[in-house]
Amino acid sequence: MALKNDGWKKLVEEIRNCKKCRLHKNRRNTVPGEGSLNTKLMFIGEAPGVKEDEEGRPFVGAAGKLLTKLLENNGISREEVFITNVVKCRPPGNREPYDDEIKACLPYLTRQIAMIKPKIIVTLGRVSTKILYSLAHIPFTSMSKLHGSVRNVYINGLEIKLIATYHPAAALYNPQLRTILEKDFKLIITVYRENIRVSKTHTLLDFFR
Ligand code: URA
Ligand code: SF4
């Protein structure tokens, strides 16, 4: 636990000093991510927006408020999950991050996954879904085909349930997408709760072995 915290502090410091891609030039703050380092559930968005850049925290703007609400409506607090993005600095004008920026930043995300060892990874939107599918060696087709189903995959040797859903920003002004997102979150939370229950059973069995 203490070791994990030390590793996390070191990673945050590295990201704070990072100049590995052009996005360092316009950032106000880096946004490494936040939440529980011991969680089973990790959310991965695309990139910080203007509010995130201002505060150095992920998903605190309008899309973030929707994400927080989707969690809280299902009885989950932000603090018990981990929330981060594919790139840790804001792309100017909120454009999508370029491939070379994603490539430069990806080692931070893979270190976060290795450190937290989540059982479930939820990708928010196309950019993070593409990257995680690529890490899991599965071909990406389209969000409309892939969202809302659970895939058992291996990512860097870890067994993970990968669930893709739409980006909350896309659902802000689109009621149909919002309904789909709410439905996908029901699935995510069911898998999460089931996972907690199963792992507790395992602990008990291990105890009696
Ligand atoms: N959109 C993202 O993808 N990430 C954030 O942190 C905020 C908005
Ligand atoms: Fe470094 Fe990532 Fe920021 Fe680029 S986006 S400067 S790689 S932390």
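Counting from 1, residues in each chain are numbered in the order their sequence is written. Following the order in which they are written, the chains are lettered starting with A and the ligands numbered starting with 1. The predicted nature of this model means local features are confined to residues of pLDDT at least 70 and side-chain atom pairs, given and counted, to a pLDDT of 80 or more, with totals for whole chains, interfaces and linings taken over all residues. Note that water and hydrogens are dropped before the side-chain values are worked out from all heavy atoms of the structure.

**What to know about the site of ligand 1**
- Here a residue is near a molecule or strand as soon as one of its heavy atoms is found within 4 Å of it. The environment of ligand 1 is formed by Gly-45, Glu-46, Ala-47, Glu-52, Pro-58, Phe-59, Asn-85 and His-167.
- Within 3.5 Å is the distance limit for a polar contact, defined as a pair of N or O atoms, with the added protein rule that one can donate a hydrogen and the other accept it, and that residues adjacent in sequence qualify only through two side-chain atoms. Here an oxygen atom of ligand 1 sits 2.8 Å away from a polar atom, N or O, in the main chain of Glu-46.
- Here a nitrogen atom of ligand 1 sits 3.0 Å away from a polar atom, N or O, in the main chain of Ala-47.
- The nonpolar class holds Ala, Val, Leu, Ile, Met, Phe, Trp, Tyr, Cys and Pro. Asp, Glu, Lys and Arg form the charged class, and all remaining residues, Gly among them, are polar. For the shell around ligand 1, a count of residues per class yields three nonpolar, three polar and two charged.

**Topic: helix α4 (residues 99-116)**
- Here a strand is any run of E in DSSP of at least two residues, a helix any run of H or I of at least four, and the numbering for each starts at the N terminus. A helix is expected to span 1.5 Å for every residue after the first. With 18 residues, α4 ought to run about 26 Å at 1.5 Å a step, and its terminal C-alpha atoms sit 25 Å apart, in line with that.
- Accessible area is worked out with a 1.4 Å probe on protein chains only. A residue is then buried under 20% of its type maximum, exposed over 50%, and partly exposed in between. Buried within α4 we find Glu-101, Ile-102, Ala-104, Cys-105, Leu-106, Tyr-108, Leu-109, Thr-110, Gln-112, Ile-113, Met-115 and Ile-116.
- The contact criterion used throughout is that any non-hydrogen atoms of two residues lie within 4.5 Å. The inward-facing, buried residues of α4 abut α1 (2-16), β2 (41-45), β3 (82-85), β4 (120-124), α5 (126-135) and β6 (158-165).
- Looking one or two residues past α4, Lys-117 carries a phi angle of roughly 50°, positive in sign.

**What to know about the confidence of the model for the protein chain**
- What pLDDT expresses is the predictor's confidence in each residue, scored from 0 to 100. Residues of the protein chain with pLDDT of at least 70 account for 94%, and the chain-wide mean is 94.
- Long-range and interchain partners of residues 201-209, a stretch whose pLDDT sits below 50, account for zero contacts in this model, where long-range means more than four residues apart.

**Topic: α1**
- In this model, α1 (15 residues) spans 21 Å end to end at C-alpha, consistent with the 21 Å of a helix rising 1.5 Å per residue.
- When α1 is considered as a whole, its buried residues turn out to be Trp-8, Leu-11, Val-12 and Ile-15. Each buried residue of α1 lies within a common arc of 100° when the element is viewed along its axis, so the set occupies one face. Turned more than 90 degrees off the buried face of α1, the exposed positions are Ala-2, Leu-3, Lys-9 and Lys-10.
- Against β3 and α4 lie the buried residues of α1. The arc in question is formed by the directions pointing from the helix axis toward the C-beta atoms.

**Topic: the site of ligand 2**
- The full set of residues close to ligand 2 is Ile-15, Cys-18, Lys-20, Cys-21, Leu-23, His-24, Arg-27, Lys-88, Cys-89, Ala-104, Cys-105 and Tyr-108.
- When residues of the shell around ligand 2 are assigned to their parent elements, the largest contribution, three residues, is made by α4.
- Partitioning the shell around ligand 2 into residue classes produces eight nonpolar, one polar and three charged.

**Observations concerning the sheet that holds β6**
- Taken together, the six strands give an open sheet; going across it, the order is β1-β3-β2-β4-β6-β5, and neighbouring strands pair in mixed fashion. The sheet is open, and its two borders are formed by β1 (34-35) and β5 (150-155), each paired with just one other strand.
- Strands are treated as partners if at least two bridges between them are detected by DSSP. Where β2 meets β3, four bridges bridge the pair, whose relative direction is parallel. Bridging from a neighbouring strand, Gly-45 pairs with Asn-85 of β3.

**Quick look at the side chain of Lys-88**
- As for its placement among the helices and strands, Lys-88 is situated in the loop between β3 and α4.
- At 3.0 Å, the side chain of Lys-88 forms a polar contact with the side chain of Thr-84.
- Engagement of the side chain of Lys-88 in a polar contact is seen with the side chain of Gln-112, the distance being 2.8 Å.
- Not counting residues within four places of it along the chain, the set of residues in contact with Lys-88 comprises Ile-15, Thr-30, Val-31, Pro-32, Pro-48, Cys-105, Tyr-108, Leu-109 and Gln-112.

**As for the environment of Asn-5**
- Mapping Asn-5 onto the fold places it in helix α1.
- Taking relative accessible area as the criterion, Asn-5 reaches 32% and is therefore assigned partly exposed.

**A few points about the nonpolar core**
- Within this scheme, the nonpolar core is defined by two criteria: the residues are buried Ala, Val, Leu, Ile, Met, Phe, Trp, Tyr or Cys, and they are joined through side-chain atoms within 4.5 Å. Residues Phe-43, Ile-113, Ile-121, Leu-132 and Phe-185 are the most contacted members of the largest nonpolar core, which totals 62 residues.
- The greatest single-element share of this core, amounting to nine residues, is contributed by α4.
- Once you skip the residues sitting within four places of it in the chain, Ile-113 turns out to touch Met-42, Ile-44, Pro-118, Ile-121, Leu-132, Leu-158 and Ile-160.

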